[in-house]
Amino acid sequence: SPLWLGLLGAMDKFGQVATAFVWGGILMRYETKPLLVVGLFWKAACCALFGRLQEQPVTVVMQVLMLAAKLGMGVTEALVSVWATVWVQRNAPPDA
């Protein structure tokens, strides 16, 4: 249905918006390299799960799992996009 497709398409964006502030705080406090490594592997796992779920018959359980996979993608996308901003803030020269 159009509602289902719209929700599925927006779920990763929701994950990005919902967790961006959380990632900002975590990235300022902890070592970024392990977080990025885990985040990238989590992103790959979510993408693989989503791709695999598309091959299955459509059931309510599969729809929920697809939404969860897309949400996981968005959470990890927020990690990477927030990390770029944090990196610039940490490494940019001070204003002259």
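Residues numbered from 1 in each chain as written. Predicted model: local features only at pLDDT ≥ 70, side-chain atom pairs only at ≥ 80, totals over all residues. Heavy atoms only, no water.

Thoughts on helix α2 (residues 32-54)
The terminal C-alpha atoms of α2 lie 33 Å apart, and with 23 residues this matches the ideal 33 Å at 1.5 Å per residue to within 8%. Looking only at α2, the buried set comprises Thr 32, Leu 36, Gly 39, Cys 46, Phe 50 and Leu 53. Lining the buried residues of α2 we find α1 (2-29) and α3 (60-91). (Helix = DSSP H or I, 4+ residues; strand = E, 2+ residues; numbered from the N terminus. Expected span 1.5 Å × (residues − 1). Buried < 20%, exposed > 50% of the residue type's maximum accessible area, 1.4 Å probe, protein only. Contact = heavy atoms within 4.5 Å.)

Description of the nonpolar core
Formed by Trp 4, Leu 8, Met 11, Cys 46, Phe 50, Leu 53, Met 62, Met 66, Leu 67, Ala 69 and Met 73, the largest nonpolar core amounts to 11 residues. Listing elements by their share of this core, those giving two or more residues are α1, α2 and α3. No other element matches α3, which puts 5 residues into this core. Apart from residues lying up to four places away in sequence, Leu 53 is in contact with Met 62, Leu 65 and Met 66. Listed in part, the 7 residues of the second largest apolar core include Leu 36, Leu 79, Val 82 and Val 86. (Core = buried A, V, L, I, M, F, W, Y, C linked by side-chain atoms within 4.5 Å.)

Side note on the pattern of salt bridges
Considering all chains together, one arrives at 4 salt bridges under this definition. Notably, a salt bridge pairs Lys 70 with Asp 12, separated by 3.8 Å at the nearest N-O pair. Here the residue Lys 70 occupies a position in helix α3, and Asp 12 occupies one in helix α1, the gap between them amounting to 58 residues. Taken individually, Lys 70 and Asp 12 each receive the classification buried, so the pair is uniform in this respect. (Salt bridge = Lys/Arg side-chain N within 4 Å of Asp/Glu carboxyl O.)

Description of the packing of α1 against α2
At their nearest, the axes of α1 and α2 sit 14 Å apart, and the two run at 170 degrees to each other. With respect to their mutual orientation, α1 and α2 come out roughly antiparallel. Taken together, the residues of α2 that come into contact with α1 (itself represented by Leu 8, Trp 23, Ile 26 and Leu 27) are Thr 32, Leu 35 and Phe 50. By residue class, the composition of the contact of α1 with α2 is 6 nonpolar, 1 polar and no charged. (Axes fitted to C-alpha atoms, helices over the stretch in contact; angles between N-to-C directions. Parallel < 35°, antiparallel > 145°, perpendicular 65-115°, else oblique. Nonpolar A, V, L, I, M, F, W, Y, C, P; charged D, E, K, R; others polar.)

In short, shape yes, function no, at least from these values alone.
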